[in-house]
Amino acid sequence: MLKLQPSLRMRLILLVLAAILPLCAWSVYNSVRESRADLESARSNLQTLAALASAWQDQVVESARYLLTAVGQAPGLDTADAAECKAYFQKLRGSFPAFINFGLLGVDGYTRCHSNLKAPARVYAGDRVVFREVMRTGQFVIGGYIVDRLTGRDALVFGMPVKGEGGQLVGVAFASLDLEQMGQSMQALRLPPDARLTVVDPNGLVLVSNGKIPVPLGVPVVDSVLKEAIKTFRPGVAEGQDFWGEERIYAYTSIQGVPGQGLLVSVCLPRADVVGRNLRSLLLQLLAIAAITFAGMWAAGWTSRRAILQPTRKILDATRQLKTGDANARVEGLSTNTAYELQRIAAGFNLMADALQQRQRDLEAELQHSRKAFATVDLILNSMHERLLAVDGD
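Below is a short write-up of the structure. (Residues numbered from 1 in each chain as written. Predicted model: local features only at pLDDT ≥ 70, side-chain atom pairs only at ≥ 80, totals over all residues. Heavy atoms only, no water.)

Okay, unusual backbone geometry next. If you check the backbone angles, Asp 194 has positive phi at about 70 degrees while not being a glycine. Tracing the sequence through the fold places Asp 194 in the loop between α4 (179-186) and β6 (196-200). For Asp 194, a relative accessible area of 27% puts it in the partly exposed group. A positive phi angle, near 55 degrees, is found at Phe 233, a position not held by glycine. One can find Phe 233 in the loop between α5 (224-229) and β8 (236-241). (Helix = DSSP H or I, 4+ residues; strand = E, 2+ residues; numbered from the N terminus. Buried < 20%, exposed > 50% of the residue type's maximum accessible area, 1.4 Å probe, protein only.)

Set out below in structure tokens:
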């Protein structure tokens, strides 16, 4: 079986790679560690931002609650004529411009009066969630996103029961908050670049979306994280895809209206923005290490060629010459950069070659002397006239 025998140059290159690999591993480990720390920091910051946005939104909800509580307790509201009722709500709207409409619904679902001068006096709203929930629970209700039928504008509607002197339910007071103004006011919250603030109503519809590319108002939320969060209205942190399929980190908290329903406030940030810096840094480090590695490999190859490979070839060439009988073979022309060990090997080879050449010379001289002696004996024998007779003693 053929076995691959790596050359000396290849072994030197592998040695360089082996020295560089721990540095690569450390760079990757350090980048992963820093990315995890950045993710934890981003989650904490997003939770803080979500809490601040939720606190502001909670003030809006509480303002609506207090206003409607005052409306529900206004004396004679359930018995006042339409003109007085309308004048009351118009004055209330003038004092609170963030709300686009105030009004009172009768138990039949029709408006008894409202603050909008341009809309009809009687408009049916018995199909609204806010009306049905107030009639069912008898409590303050966050009705969610609507297109206000009296103004045609996007609004967040709130409802509060109005009771008569005997405690019976006689109507539903409502207030419609302008979502455009609510979104503009929440822009005062400073968000990181590419972050998005989203407020979702109890039905999963978008109320506010502040970001570079805002989500249209009134559309069902498609972010998988928020779809799960509105099932429980519990605060948390999670990761998932947004409206456009981008991976984001979400921090969210809730504002409870009545148990089981409220508003969900979320702040999210692209995950790539958090880990991207470390990934870019890692890429630059790996590119620098790769450049150093290639430079080291080239230097190892160049150094090994001049200091090791070339002297080794000269020693091998001299060995082959000596093997073929060339006694003059010597290792010559080694540079000063040649490895000390190879210089000693070359010097030892030359000493051996010198000794072999000297021995060969001695042998040739001895052989020449023997040939001369043999020739002399042969000449003497050939010049004798008498023959020599060898007799066996037996």
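Attention shifts here to a nonpolar patch on the surface. Together, Ile 213, Val 222, Phe 243 and Trp 244 line one region of the surface with nonpolar side chains, adding up to about 370 Å² of accessible area. Mapped onto the elements of the fold, Val 222 is located in the loop between β7 (206-210) and α5. (Patch = residues over 30% accessible without salt bridge, like charges linked within 9 Å, V, L, I, M, F, W, Y side chains within 5 Å. Areas by Shrake-Rupley, 256 points an atom, 1.4 Å probe, with all protein chains shown as cover. Salt bridge = Lys/Arg side-chain N within 4 Å of Asp/Glu carboxyl O.)

We now examine the packing of aromatic side chains. Enumeration over the complete set of coordinates arrives at four aromatic pairs. With a centroid separation of 5.4 Å and an interplanar angle of 65 degrees, the aromatic rings of Tyr 88 and Phe 89 are classed as edge-to-face. Residue Tyr 88 is classed as partly exposed on the basis of its relative accessible area of 30%. Its relative accessible area of 0% is what places Phe 89 among the buried residues. The positively charged end of Arg 122 is found above the aromatic ring belonging to Tyr 110, 4.5 Å away from the centroid. (Phe/Tyr/Trp six-rings, centres within 6.5 Å; stacked < 30°, edge-to-face > 60°. Lys NZ or Arg CZ within 6 Å of the ring centre and 35° of its normal.)

Once that is clear, we can look at the pattern of salt bridges. One side chain can pair with another of opposite charge once the charged atoms of both are near each other. Taken as a whole and assessed by the stated rule, the structure comprises 10 salt bridges. A salt bridge links Arg 153 to Asp 178, with the shortest nitrogen-to-oxygen separation between them at 2.5 Å. A residue pair is termed long-range when its members are at least 10 positions apart, and Arg 153 in the loop between β3 (141-147) and β4 (154-163) and Asp 178 in strand β5 (residues 169-178) qualify at 25 residues. Residue Arg 153 is classed as partly exposed on the basis of its relative accessible area of 35%. Each of the salt bridges in this network shares a partner with another, and the network as a whole consists of Glu 40, Arg 43, Glu 239 and Arg 271.

All right, on to the state of the cysteines then. The tally for this structure, following the rule as stated, stands at one disulfide. Disulfide pairing places Cys 85 opposite Cys 113 at an S-S distance of 1.5 Å. Taken together, the residues span a long stretch of sequence, with Cys 85 in helix α2 (residues 82-95) and Cys 113 in strand β2 (residues 111-114) at a distance of 28 residues. As far as burial versus exposure is concerned, Cys 85 and Cys 113 are alike and both buried. (Disulfide = S-S within 2.5 Å.)

As paired elements, strand β1 (residues 99-106) and β2 share three bridges and run antiparallel to each other. Pairing of Leu 105 across the sheet is with Thr 111, part of β2. Between β1 and β2, which follow one another and run antiparallel, lie four residues, and Gly 109 among them has a positive phi close to 95 degrees. (Pairing = 2+ DSSP bridges.)

Next up on the list: the side chain of Arg 196. With respect to the helices and strands, the residue Arg 196 is situated in strand β6. Among the polar contacts listed, one links the side chain of Arg 196 to the side chain of Asp 242, at a separation of 3.5 Å. Excluding residues that lie within four positions of it along the chain, Arg 196 makes contacts with Leu 191, Ser 209, Asn 210, Gly 211, Ile 213, Val 215, Asp 242, Trp 244, Arg 248, Ser 266, Val 267 and Cys 268. (Polar contact = N/O pair within 3.5 Å; in protein donor to acceptor, adjacent residues only side chain to side chain. Contact = heavy atoms within 4.5 Å.)

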